[in-house]
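One letter stands for each residue in the lines below.
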Amino acid sequence: MSRQRPEVGSEQFKCDSSQVLHQFRPFNNDVTGNRPRDAADLHTRRDRSVKTPQRACFHVSAQEEAVEKFLDAASRGDLTQVSTLLTHGPSLINQTGNNGWTALMLAARNGHFHVVEALLSNGCDKFSVNGSAQTAYDIAKFWGHKHVSNLLSRTDDGCQRVLPGCDLGQQENYFGRETLDRLSAKRTDKAWLEAKQSDADTVYLIFSKLSPMVTSPQDDSTGGENKLCRFRFEAVQDLLQKPATVLVFLGVERRKKPSSSSPSQTKEGVQEPPAWFAVGTDEDAAELLKRCREKNCSFPKAPNRDLLKLSEEEAGVVAQARSVLAWHSRYSFCPTCGSSTKLEEAGHKRSCLNSACRSLQGVHNTCYPRIDPVVIMLVIHPDGNQCLLGRKKIFPAGLFSCLAGFVEPGETMEAAVRREVEEESGVKVGPVQYVSCQPWPMPSNLMIGCLAVAMSTDITVDQNEIEEARWFPRQQVIDSMFRAASPAFTVPPRQTIAHQLIRHWVGMNSNL
Ligand SMILES: NC(=O)C1=CN([C@@H]2O[C@H](COP(=O)(O)OP(=O)(O)OC[C@H]3O[C@@H](n4cnc5c(N)ncnc54)[C@H](O)[C@@H]3O)[C@@H](O)[C@H]2O)C=CC1
Ligand SMILES: [Mg+2]
Ligand SMILES: [Mg+2]
Ligand SMILES: [Mg+2]
Ligand SMILES: [Zn+2]
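Position numbers for residues start from 1 in each chain and track the written sequence from start to end. Labels follow written order: the first chain is A, the first ligand is 1, and so on. Owing to the predicted nature of the model, reporting of local features is limited to residues with pLDDT of at least 70; listing and counting of side-chain atom pairs is limited to 80 or more, with chain, interface and lining totals taken over all residues. For side-chain calculations, the full set of non-hydrogen atoms in the structure is used, while hydrogens and water are omitted.

With respect to the side chain of His499
Secondary structure is summarised from DSSP: a helix means a run of H or I of at least four residues, a strand means a run of E of at least two, and numbering begins at the N terminus for each. Residue position: His499 is located in helix α17 (residues 497-508). Counted as a polar contact is a pair of N or O atoms within 3.5 Å, where, for protein atoms, one must be capable of donating a hydrogen and the other of accepting one, and residues adjacent in sequence contribute only when both atoms are in side chains. A polar contact of 2.8 Å, which involves the side chain of His499, links it to the backbone oxygen of Pro492. Note on contacts: a residue pair qualifies if any of its non-hydrogen atoms lie within 4.5 Å across the two residues. Not counting residues within four places of it along the chain, the set of residues in contact with His499 comprises Met481, Val491, Pro492, Pro493 and Arg494.

Points about the packing of aromatic side chains
Two rings belonging to Phe, Tyr or Trp (six-membered ring only in the last case) form a pair when the distance between their centres is within 6.5 Å. Interplanar angles under 30 degrees mark stacking, angles over 60 mark edge-to-face geometry, and anything in between is tilted. One pass over the full model with this rule turns up eleven aromatic pairs. Note on Trp192 and Phe249: the rings are 5.5 Å apart at their centroids and 75 degrees apart in plane angle, and the pair reads as edge-to-face. Here the residue Trp192 occupies a position in helix α10 (residues 190-197), and Phe249 occupies one in strand β6 (residues 246-253), the gap between them amounting to 57 residues. Burial classes: relative accessible area under 20% of the type maximum marks a residue as buried, over 50% as exposed, and values in between as partly exposed (1.4 Å probe, protein chains only). For Trp192, a relative accessible area of 12% puts it in the buried group. What makes Phe249 buried here is its relative accessible area of 1%. Pairing Phe400 with Phe472 gives two aromatic rings, centres 5.0 Å apart and planes at 65 degrees, and the pair type is edge-to-face.

Notes on the layout of surface pockets
By volume, the largest pocket amounts to about 860 Å³. Contributing to the lining of the largest pocket are 30 residues, with Asn304, Lys392, Phe395, Ser401 and Trp440 lying nearest its centre. Elements represented by at least two residues in the lining of the largest pocket include exactly β11 (372-380), β12 (386-391), β13 (403-406), α15 (413-425), β14 (429-440), β15 (445-454) and α17. Here the element with the most residues in the lining of the largest pocket is β13; it accounts for four residues. Taken together, the residues that form the lining of the largest pocket break down as 18 nonpolar, seven polar and five charged. Cavities and pockets are found on a 1 Å grid laid over the protein atoms alone: a cavity is a set of points where a 1.4 Å probe fits but cannot escape, a pocket is an open set with protein on both sides within 12 Å along at least five of seven lines, and a lining residue has an atom within 4 Å of such a point. Grid points are joined across faces, edges and corners, and a volume is the space filled by probe spheres set on the points. Residue type decides the class: Asp, Glu, Lys and Arg count as charged, Ala, Val, Leu, Ile, Met, Phe, Trp, Tyr, Cys and Pro as nonpolar, and the leftover types, Gly among them, as polar.

A closer look at the coordination of the magnesium ion (ligand 2)
Counted as donors are N, O and S atoms no farther than 2.8 Å from the metal, or 3.2 Å for Na, K and Ca; water is not among the atoms, and sites may therefore look incomplete. Taken together, the protein ligands of the magnesium ion (ligand 2) are Ala404 (O), Glu424 (OE) and Glu465 (OE), with distances of 2.0 to 2.1 Å. Here the donor residues of the magnesium ion (ligand 2) share one chain and are spaced in sequence as A-x19-E-x40-E. Here the magnesium ion (ligand 2) and the magnesium ion (ligand 3) are spaced 3.3 Å apart, linked through Glu424, which binds each one. With a gap of 20 residues between them, Ala404 in strand β13 and Glu424 in helix α15 connect regions that are remote in the sequence.

Points about the pattern of salt bridges
One speaks of a salt bridge when a side-chain nitrogen belonging to Lys or Arg is within 4 Å of a carboxyl oxygen belonging to Asp or Glu. Summed over all chains, the structure comprises 24 salt bridges. With its nearest N and O atoms 2.4 Å apart, the salt bridge here joins Arg177 to Glu313. You can see Arg177 sitting in the loop between α9 (159-162) and β1 (180-181) and its partner Glu313 sitting in helix α14 (residues 312-330), a full 136 residues away along the chain. A residue is classified by how much of its surface remains accessible, and Arg177, at 12% relative accessible area, is buried. A single salt-bridge network, built from bridges that share partners, covers Glu408, Glu411, Arg419, Glu420 and Glu423.

A few points about the sheet that holds strand β2 (residues 203-208)
Picture the strands of a sheet paired through backbone hydrogen bonds; they go either parallel or antiparallel. In short, DSSP must find at least two bridges between two strands for them to pair. The mixed open sheet is built from five strands, whose spatial order is β1-β6-β7-β2-β3. The two strands at the open ends of the sheet, each matched to only one other strand, are β1 and β3 (211-212). Here the axes come from fitting lines to C-alpha atoms, over the contacting stretch only for helices, and the angles between their N-to-C directions go from 0 to 180 degrees. Of the strands in this sheet, β2, β6 and β7 (275-281) are in contact with helix α11 (residues 233-241), which crosses β2 at around 45 degrees. In this fold α14 packs onto β1, β2, β3, β6 and β7, with an angle of close to 160 degrees to the strand it touches most, β6.

Re the environment of Leu501
Here Leu501 is to be found in helix α17. Separated by 414 residues in the primary sequence, Leu501 and Thr87 place their C-alpha atoms 43 Å from one another.

Regarding the state of the cysteines
The rule for a disulfide is simple: a pair of cysteine sulfur atoms within 2.5 Å. Here the structure, examined in full by the defined rule, presents zero disulfides. Counting only cysteine sulfurs, Cys334 is the nearest neighbor of Cys367, a cysteine outside any disulfide, at a range of 6.9 Å.

Focus on the site of ligand 1
Taken together, 18 residues sit near ligand 1, with Lys392, Ala404, Phe406, Glu424 and Glu465 positioned nearest. Between an oxygen atom of ligand 1 and a side-chain N or O atom of Lys392, the distance comes to 2.8 Å. One of the backbone nitrogen or oxygen atoms of Phe406 is found 3.0 Å away from an oxygen atom of ligand 1. All accessible areas in this document rest on Shrake-Rupley with a 1.4 Å probe, and a residue is counted as covered only by the protein chains that are shown. Its free accessible area being 840 Å², ligand 1 has 61% of it covered by the protein chains. When atom positions are compared with the pocket grids, ligand 1 is found to occupy the largest pocket. Being near a molecule or strand, for a residue, means having at least one of its heavy atoms within 4 Å of it. Grid points define the cavity or pocket, and a molecule sits in it when more than half of its atoms lie within 2 Å of them.

None of this, on its own, says anything about what the molecule does.
This is the structure we're talking about:
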């Protein structure tokens, strides 16, 4: 008997679509910013519980033996033994076994709620990651132990009570890390800024044509990270004198832990972390590169590719710096009257030099850096088992990604999702749920990542923008993402929110 497709608006459909969205929760990222890497491996082993391996070692110390016992008890869910061992050896709590797995991770992997609860109440570190960069939360979530992942995502400061049902775990995408404390109040403190500029610890980044100077790994085939070239005041002092140079105060380094080695001190003797500035210059790029002592320096030419090779920390800094510098390069003149402008607020404002200009009355948004909101959405088929991906003509061969589009004036995020999906694919969308967002500094988008449930399934692409759009079955997506030697299609790189939305959808449903 064939099942009829439910009509849009019918009771059956409403039920289906709410179920499709029922289990969606924003994805959680671990403290390193890395994504779980061995998901495919976990998939293949999903029907077996994880046991601690027996060590083939002849000289096992008493401590090693205790750790082994402890990890084994946690993975078996033996609460009594876990508690007894902890009473005798509290330092066992964060000990690791094979591939960096802690007792918490093993208990989370096998869904042992009470053991997880006991470990947390004994002060165990829930943010530590295993050799595959997964937290206990990632592991519980992947294996569909919802009660355990809920427990692990809970915060102790009462936030969960204020926002019940909310996932308050860290949600972070590439370009989204707040590496620096922006200290926006200091942008108008001229004396402080001047002192910081010549401070010996201050870090300067040099940008040419919106590209930061980086050092690349000697052998690019290893897939190593690019690193930002950091300069001191003396090395950029001459550039700061040039009228065309744009200087932007980015913030100060976030303090990790109070340390005795003081990097910098104010007159009162209070330690202050180093400040960071971005220098935008139109000086000759080859001459600029000579300032760097490192080998393999360059100003990468393809931002869409090369800016994805930074560490999470440096990507966060570049997202801010590049977007502000791009705004300066595009808005040299006043958008209201066309007069010249001057830089203010440490590079975060441009004010018109025409004293009669309207932009000087009240708060005028043309004086501040521009951000363009873009919705990006993974559209889920009403059956919950397929997702809609499309490709633009300019994409590399075989690449399919989430649909995306600029939010228009006077439009809600949800309306933008529905309009863009219908414009680009002809598919009608019902429920929309926000997942997470990503600054995208090419030049200054804020990508608003959503999941959306389709209310119709026929596809008619807008040939102007989209070359092809298709429904992809979940298994094909999983295979293309994690397993296949010759995948059915290419998934966007992990640094894109498109990738993370797809990964999130696959992960949320791994237990089905
Ligand atoms: N991080 C990620 O995973 C992804 C990022 N993106 C970014 O999202 C952006 C928007 O996606 P599209 O599908 O191109 O949008 P879209 O579907 O709205 O079409 C783009 C067209 O919209 C018009 N437009 C309207 N407002 C605009 C504005 N403020 N700036 C520029 N053009 C505007 C232009 O005619 C442009 O050609 C892309 O530029 C891309 O950089 C897109 C997909 C994945
Ligand atoms: Mg689009
Ligand atoms: Mg569009
Ligand atoms: Mg559009
Ligand atoms: Zn003006």
